[in-house]
Amino acid sequence: MATKVKKSFICQNCGNHSPKWEGKCISCGEWNTYVEEVIDKQQSKRSLTPQKKNHPNLITEVKNQQLERYKVRDQELNRVLGGGIVPGSLILFGGEPGIGKSTLMLQLAIKDTYKILYVSGEESDQQIKMRADRIAISNDNCFLLTETFLPNILHHIGKIEPQIVIIDSIQTLYTSIIESSAGSISQIRECTSELIKLAKANHISIFIIGHITKDGNIAGPKVLEHMVDTVLHFEGDRNHVYRLLRTTKNRFGSTNELGIYEMLSNGLRIVDNPSDILITDREEDFSGIAIAASIEGMRPLMIEIQALVSSAAYGTPQRSTTGYDTKRLNMILAVLEKKCGFKLGLKDVFLNVAGGLKVDDPSIDLSVACAILSSNEDISIDSKTCFAAEIGLSGEIRSVNRVEQRISEAAKLGFKNIIVSKYNEKNISSLTPDINVVAVKKIEEVFEYLFG
Ligand code: TYD
Ligand code: MG
């Protein structure tokens, strides 16, 4: 007797099930994302009778079997993961196409001393070898496999017994348990759960590379992010050389860490002193530039903000930003107009965060406002002055977190003045003698101080 196959329509964006095809997903609102998939051939076999013989244990009696983390050569990766790779963990590694995911993972595989298996479903052996030669191979224990059929991959993992496995990418894998095509939600989910079982049972750490959708999520539903232990994101502007490695979920460490790399012709290089690189050494001062003492992850980072304000040539003025939220820019422009009396409503405003970085630390608000004012007035800001404060709707200068860390980083890099919020003064216990801390309450005072 033929087994009854259960089918369902599944949204490829969020994983929502529907018995019939829908044009628009009722769960995530995306259009044309429903695809018919076979959901589970073995569903009828499931029952409520207990199968496993696991007993509840007293938590105080559970033995702590802490396995030592794999400390890889890539110090940034170690730090971002919370001090190395936990054996048996599953790490999802997402990023836009061409950002350098395969490069970073291949680099890990060929430069370390652990036994690593690199599985690629995207490139041929030859292509990977060419890339590896460019980066320079130093690991004699690195295996390469070009395969997309999951059972074959599992078989080879069983034979080679690597410590770390890299899957490039989850969207290319498929298994015969599910009938839908590779890259569909059901396939991704099934393959990931098989990999999790393998990882946990054999203490193998697995990196899974995942593609990213146009709105910045890892393709496949959030389900995938729930299943894995750690989610890493690789981001940056493809036209710039800097890449940021962030964690958005980590079961074994903080999600506040950040790794910074530079893409060179022979692979990715760790940037040890990011602030030094992000700020251009200028002989003369230009208007429209302000330096923000920001914090990215746990690290202080000096970021150069550039603004250009010019008369709107055509009708509606333009507001254009790179690396900064346009809505936030509009808010700052409105505050400047209302509180400082600048008529910016008829001007084009362009804003750029140097180095192709994307910043969402609100502490750069003040430097954004000052860069705009500097460009508007065509008066340069002293290159040894930096800013760390948020701006409120009423024009008040609001405090920011970890202000001491920002001040000491600024002092270390040779800045002479730092402008912070008056409300932050109580957090500053030990003053660094090399830097003058200017505490202000309102945006007008900053304007007075700079151009007064
Ligand atoms: P890749 O790792 O293939 O990106 P992803 O896997 O995220 O899609 O990297 C692609 C880009 O990186 C490619 O456009 C060229 C660049 N690149 C370098 O600049 N230097 C290098 O040494 C390598 C290997 C790649
Ligand atoms: Mg790739």
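Keep in mind the model is a prediction, meaning the values are calculated, not measured.

A. How the structure looks around the environment of Ser380. One can find Ser380 in the loop between α9 (365-377) and β17 (385-388). Overall, the relative accessible area of 31% leaves Ser380 in the partly exposed class. Taking the C-alpha atoms as reference points, Ser380 and Leu258, separated by 122 residues in sequence, lie 32 Å from one another. If sequence neighbours within four positions are ignored, Ser380 has contacts with Asp285, Phe286, Ser287 and Ser374.

B. View of the pattern of salt bridges. Applying the stated criterion across every chain, the model contains 15 salt bridges. In this structure, Arg79 and Glu257 form a salt bridge, with 2.6 Å as the shortest nitrogen-oxygen distance. Note that Arg79 is positioned in helix α1 (residues 75-80) and Glu257 in the loop between β10 (242-250) and β11 (258-264), a separation of 178 residues in sequence. Of the charged contacts in the structure, one is a salt bridge between Lys129 and Asp133, with a shortest N-O distance of 3.1 Å.

C. How the structure looks around the environment of Val440. Mapping Val440 onto the fold places it in strand β21 (residues 436-440). For Val440, a relative accessible area of 4% puts it in the buried group. Those residues in contact with Val440 that sit more than four places away from it in its chain are Ile397, Ile419, Val420, Ser421, Lys422, Glu445 and Val446.

D. Spatial organisation of the nonpolar core. Ile305, Leu336, Leu366, Val368, Ile372 and Ile443 are the most contacted members of the largest nonpolar core, which totals 47 residues. Summarising the domain contributions, this core has at least three residues from each of domain 2 (69-272) and domain 3 (276-451). In contact with Ile372, not counting residues within four places along its chain, are Ala307, Val309, Leu329, Leu333, Leu336, Leu344, Val349 and Leu351. With 30 residues, the next largest nonpolar core counts Val80, Ile110, Ile116 and Ala132 among its residues.

Parameters at a glance
Residues numbered from 1 in each chain as written. Chains lettered and ligands numbered in written order. Predicted model: local features only at pLDDT ≥ 70, side-chain atom pairs only at ≥ 80, totals over all residues. Heavy atoms only, no water. Helix = DSSP H or I, 4+ residues; strand = E, 2+ residues; numbered from the N terminus. Buried < 20%, exposed > 50% of the residue type's maximum accessible area, 1.4 Å probe, protein only. Contact = heavy atoms within 4.5 Å. Salt bridge = Lys/Arg side-chain N within 4 Å of Asp/Glu carboxyl O. Core = buried A, V, L, I, M, F, W, Y, C linked by side-chain atoms within 4.5 Å. Domains from an automatic or database assignment.

Geometry only, nothing functional implied.
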